[in-house]
Amino acid sequence: MDAQADAAMKFKKIGIVGAGNMGSMMGFAFSELGRDVSIWDVKSANIYGFMKQVSQCKGFKGKITGFYNMSEFAANLGERGDPTDQVLSKLRPELNEGDIIMDGGN
């Protein structure tokens, strides 16, 4: 196993903020790799739609859990006007040292 794959195997659980097209596809991909996925979105409808898709799919190696409450999402993971900064400022108090946040937006 190469060093990059070995490093990726250390992470069993991943949190994704954003359940739109990109976040949803990332959630499916990580679950197919055996990662447990926690996902939250500022729009509850996005979580609802994603979890509906999850319920219609079979064979995931990892568990997928959708959260409608950011604090519950953050707990599950063990202001310039920019939406990313706004979410991060709300999420930061809920995080533990060593948690990793990845912004997969384009």
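- Within an unreviewed UniProt entry, the label attached to the protein reads 6-phosphogluconate dehydrogenase NADP-binding domain-containing protein, and the organism entered is Metarhizium humberi.

Here's the deal with the environment of Thr84
Then, number 1: By secondary structure assignment, the location of Thr84 is in helix H5 (residues 83-91).
Then, number 2: Taking C-alpha positions, Thr84 is 8.0 Å from Asp103, a pair spaced 19 residues apart along the chain.

Some remarks on the sheet that holds strand S3 (residues 64-67)
Adjacent strands of a sheet form backbone hydrogen bonds with each other and so pair up, either parallel or antiparallel.
Then, number 1: Ordered by their spatial adjacency, 3 strands build an open sheet running S1-S2-S3, and the pairing between neighbours is parallel. The open sheet has two edge strands, strand S1 (13-17) and S3, and neither has a second partner. Mean inter-strand twist for the sheet, computed between neighbouring axes without regard to direction, equals 20 degrees.
Then, number 2: As paired elements, S1 and strand S2 (residues 36-40) share 5 bridges and run parallel to each other. Paired with Val17 across the two strands is Trp40, which belongs to S2.

Section: the nonpolar core
Then, number 1: Counting 10 residues, the largest nonpolar core consists of Ile16, Ala19, Met26, Phe28, Val37, Ile39, Ile47, Phe50, Val54 and Ile64.
Then, number 2: Those elements that provide at least two residues to this core are helix H2 (21-32), S2 and helix H3 (44-55).
Then, number 3: The element best represented in this core is H3, accounting for 3 residues.
Then, number 4: If we skip the residues at most four places from it in the chain, Met26 touches Ile16 and Met102.
Then, number 5: Core analysis: the second largest hydrophobic core is formed by 7 residues, Phe67, Phe73, Ala74 and Leu91 among them.

Remarks on the side chain of Asp41
Then, number 1: Tracing the backbone through its elements, the reader meets Asp41 in the loop between S2 and H3.
Then, number 2: Buried charge Asp41 goes without a salt bridge, the closest partner of opposite sign being Lys43 at 6.6 Å.
Then, number 3: Among the polar contacts listed, one links the side chain of Asp41 to the backbone nitrogen of Ala19, at a separation of 2.6 Å.
Then, number 4: In this structure the side chain of Asp41 is engaged in a polar contact, spanning 2.8 Å, whose partner is the backbone nitrogen of Lys43.
Then, number 5: The contact partners of Asp41, leaving out residues within four places of it in the chain, are Gly18, Ala19, Gly20, Asn46, Ile47 and Phe67.

The rules behind these values
Residues numbered from 1 in each chain as written. Predicted model: local features only at pLDDT ≥ 70, side-chain atom pairs only at ≥ 80, totals over all residues. Heavy atoms only, no water. Helix = DSSP H or I, 4+ residues; strand = E, 2+ residues; numbered from the N terminus. Pairing = 2+ DSSP bridges. Axes fitted to C-alpha atoms, helices over the stretch in contact; angles between N-to-C directions. Core = buried A, V, L, I, M, F, W, Y, C linked by side-chain atoms within 4.5 Å. Buried < 20%, exposed > 50% of the residue type's maximum accessible area, 1.4 Å probe, protein only. Contact = heavy atoms within 4.5 Å. Lys, Arg positive; Asp, Glu negative; His and termini not counted. Salt bridge = Lys/Arg side-chain N within 4 Å of Asp/Glu carboxyl O. Polar contact = N/O pair within 3.5 Å; in protein donor to acceptor, adjacent residues only side chain to side chain.

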